[in-house]
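Observations on the model geometry
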Amino acid sequence: RRLRPWSVTLQSFLRTGTPLSCTWRWNGGSFLGLTFLAQTLSGWALATRYSPGTDSAFSSVLHLETVVPGGWFLRFFHILGANRLLARMAFHAGRTLFFGYVRRPGVWASGFLIFALTAASAFFGYVLPWGNMSYWAATVITNLVGCVPGGGPFLVEWLWGGSCLGSPTLNRFFALHFLLPLVTWVAIFLHLLLLHRERASNPVGFFVGAAPLYPASLWRDLAGWAGVLSVGLVASPYFFHHLEHPENWRRADPLSTPRHITPDWYFLIPYAVLRSVPHRESGALALVAVVIRPLLLFSPRRADLRWARPHQAVFWPWVFTLSALSLVGARPAEAPYLSVGRLLTPFYFFGCAKLAFSGR
């Protein structure tokens, strides 16, 4: 029986259940919840050792890694978890698009809000160690606020707390990096309520019976949770150096600009589109469009396997476009990468439009 909006109690929520055809590999949302919980707890532990300030931020991170027992492992577990969390979110949304289950605007919009809040938290956390690449990447990104008509320069100076990035900026970013995950937890709860108002999606494409969330689904997910946590614990000591740019092992220096400024991988697509537009204001507008456009990908038609193949024929070229834009964004801002970015940007928006209207 379909539940009324905003009348979902804990008992009815647990009774709603998941389809019997779902396996632990299908329940990516529960793995995301566990990863986000691990990120929240490890972030709180790191906050006890961090000192926001241009004179103390880099030193406090270095002290954590070299002096505090187990501090290096905690920090790199947090860095690896942030990358794993955003990658799983992208995979979670991509699977939804692949099978054509984007039929409920509220669920899709709340999921998009979760991803946006998580990406913003990751950006603020990327700046906090006060490495040289973090400093210059934050300078480039925050300067885009200056494109706002009317009070752009004032907003940039207000965001920085001065004429350039400094201690006031770090204090504000630290506060936002601490508060945004709390807001994200509210969005996660809203996402679950909207999802379980109706039956959850499943790999078969149609309803085949439901199992209660507790204990059937919980015990099924425990094996997957243990595997995800084990991979994070094992991979942290061995792969952390692949996630940090070499420039970030240097203290931020306003007089030493890196040869090639590049953000983390989850910002490469917007960064590639931003560089492909020569005009500053037009580039900022294109950047906003790239970020907002996936919000409009939901389709009100009920998904089924009859139109999945035509939909997937649109999906794979769009994924190729996203991958190519990521590679372009990671390369220097010079020929031929700028030309390739300008060629791929219209295909990105065309693919979004095709995904939004296919199957309606």
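Residues numbered from 1 in each chain as written. Predicted model: local features only at pLDDT ≥ 70, side-chain atom pairs only at ≥ 80, totals over all residues. Heavy atoms only, no water.

A look at the pattern of salt bridges
- In total, this model carries two salt bridges according to the counting rule given.
- Arg75 is the salt-bridge partner of Glu65, the closest N and O atoms lying 2.3 Å from each other. Taken together, the positions of Glu65 in helix α3 (residues 57-66) and Arg75 in helix α4 (residues 71-99) put the pair 10 residues apart, joining distant regions of the chain.
- Residue class for Arg75 comes out buried when judged on its relative accessible area of 8%.
- One salt bridge connects Arg250 with Glu247, and the closest N-O pair in it is separated by 2.9 Å.
- Its relative accessible area of 35% is what places Arg250 among the partly exposed residues. (Salt bridge = Lys/Arg side-chain N within 4 Å of Asp/Glu carboxyl O. Helix = DSSP H or I, 4+ residues; strand = E, 2+ residues; numbered from the N terminus. Buried < 20%, exposed > 50% of the residue type's maximum accessible area, 1.4 Å probe, protein only.)

Quick word on empty space enclosed by the protein
- Under the definition given, this model contains five cavities of 30 Å³ or more.
- In terms of lining residues, the largest cavity is bounded by 35 residues, among which Leu46, His78, Gly125, Tyr126 and His177 are the most central.
- At the level of elements, α2 (28-47), α3, α4, α5 (105-127) and α8 (167-195) are the ones that each hand at least two residues to the lining of the largest cavity.
- Partitioning the lining of the largest cavity into residue classes produces 20 nonpolar, 11 polar and four charged.
- The space that makes up the second largest cavity amounts to roughly 50 Å³.
- Looking at the lining of the second largest cavity, the elements that each hand over two or more residues are α5 and α6 (132-143).
- Both domain 1 (22-261) and domain 2 (264-359) contribute no fewer than three residues apiece to the lining of the second largest cavity. (1 Å grid on protein atoms, 1.4 Å probe; cavity = no way out; pocket = protein on both sides within 12 Å on 5 of 7 lines; lining within 4 Å. Points joined across faces, edges and corners; volume = space filled by probe spheres on them. Nonpolar A, V, L, I, M, F, W, Y, C, P; charged D, E, K, R; others polar. Domains from an automatic or database assignment.)

Examining the packing of aromatic side chains
- As enumerated under the stated definition, the model contains 17 aromatic pairs in all.
- Taking 5.7 Å as the distance between ring centres and 55° as the angle between the ring planes, the aromatic pair formed by Phe123 and Phe124 counts as tilted. Per residue, the accessibility class of Phe123 equals that of Phe124, and both read buried.
- Three or more aromatic residues joined by ring pairs form one cluster here, namely Phe123, Phe124, Phe173, Trp265, Tyr266 and Phe267.
- Its end group placed over the ring of Trp158, Arg172 keeps NZ or CZ at 5.8 Å from the ring centre. (Phe/Tyr/Trp six-rings, centres within 6.5 Å; stacked < 30°, edge-to-face > 60°. Lys NZ or Arg CZ within 6 Å of the ring centre and 35° of its normal.)

Section: the UniProt feature "transmembrane region" (unreviewed entry) in the protein
- Under the present numbering, the feature "transmembrane region" (unreviewed entry) in UniProt falls on residues 29-47, 67-86, 107-128, 134-161, 173-194 and 222-240.
- End C-alpha to end C-alpha, residues 29-47 measures 27 Å, and it is 100% helix and 0% strand.
- Segment residues 173-194 splits into 100% helix and 0% strand. End C-alpha atoms: 31 Å apart. (UniProt positions renumbered as here; feature names shortened; annotations may be inferred.)

Some remarks on α2
- Between its terminal C-alpha atoms α2 stretches 28 Å, which fits the 28 Å expected from 20 residues at 1.5 Å a residue.
- Those residues of α2 that sit buried are Gly28, Ser30, Phe31, Leu32, Thr35, Phe36, Ala38, Gln39, Thr40, Ser42, Gly43 and Leu46. (Expected span 1.5 Å × (residues − 1).)

Brief notes about the environment of Met133
- Inspection of the secondary structure assignment puts Met133 in helix α6.
- Note on Met133: relative accessible area 0%, which makes it buried.
- For the pair Met133 and Ile261, spaced 128 residues apart in sequence, the C-alpha separation works out to 6.8 Å.
- Sequence-distant contacts of Met133, that is, excluding residues within four places in its chain, are made with Tyr126, His245, Glu247, Asn248, Pro258, His260, Ile261 and Thr262. (Contact = heavy atoms within 4.5 Å.)

Quick notes on the nonpolar core
- Val127, Trp130 and Leu170 are the most contacted members of the largest nonpolar core, which has 34 residues in total.
- Looking at this core, the elements with two or more residues in it are α2, α3, α4, α5, α6, α7 (152-160), α8 and α10 (268-276).
- Residue contributions to this core peak at six residues, all from α5.
- The two domains that each donate at least three residues to this core are domain 1 (22-261) and domain 2 (264-359).
- Apart from the residues within four sequence positions on either side, Val127 is in contact with Ser134, Ala138, Leu170 and Phe173.
- The next biggest cluster of nonpolar side chains, apart from the first, holds 18 residues, and it includes Leu97, Phe98, Leu322 and Leu344. (Core = buried A, V, L, I, M, F, W, Y, C linked by side-chain atoms within 4.5 Å.)

With respect to the packing of α10 against helix α11 (residues 280-292)
- At a closest axis distance of 8 Å, the pairing of α10 and α11 adopts a crossing angle of 150°. By the angle between their axes, α10 is roughly antiparallel relative to α11. Here the hand of the crossing between α10 and α11 comes out right-handed. Of α11, the residues touching α10 (which contributes Ile269, Pro270, Val273 and Leu274) are Gly283, Ala284, Ala286, Leu287, Val290 and Val291.
- The residue inventory of the contact of α10 with α11, partitioned by class, reads nine nonpolar, one polar and no charged. (Axes fitted to C-alpha atoms, helices over the stretch in contact; angles between N-to-C directions. Parallel < 35°, antiparallel > 145°, perpendicular 65-115°, else oblique. Left-handed = near helix turned anticlockwise from the far one by under 90°.)

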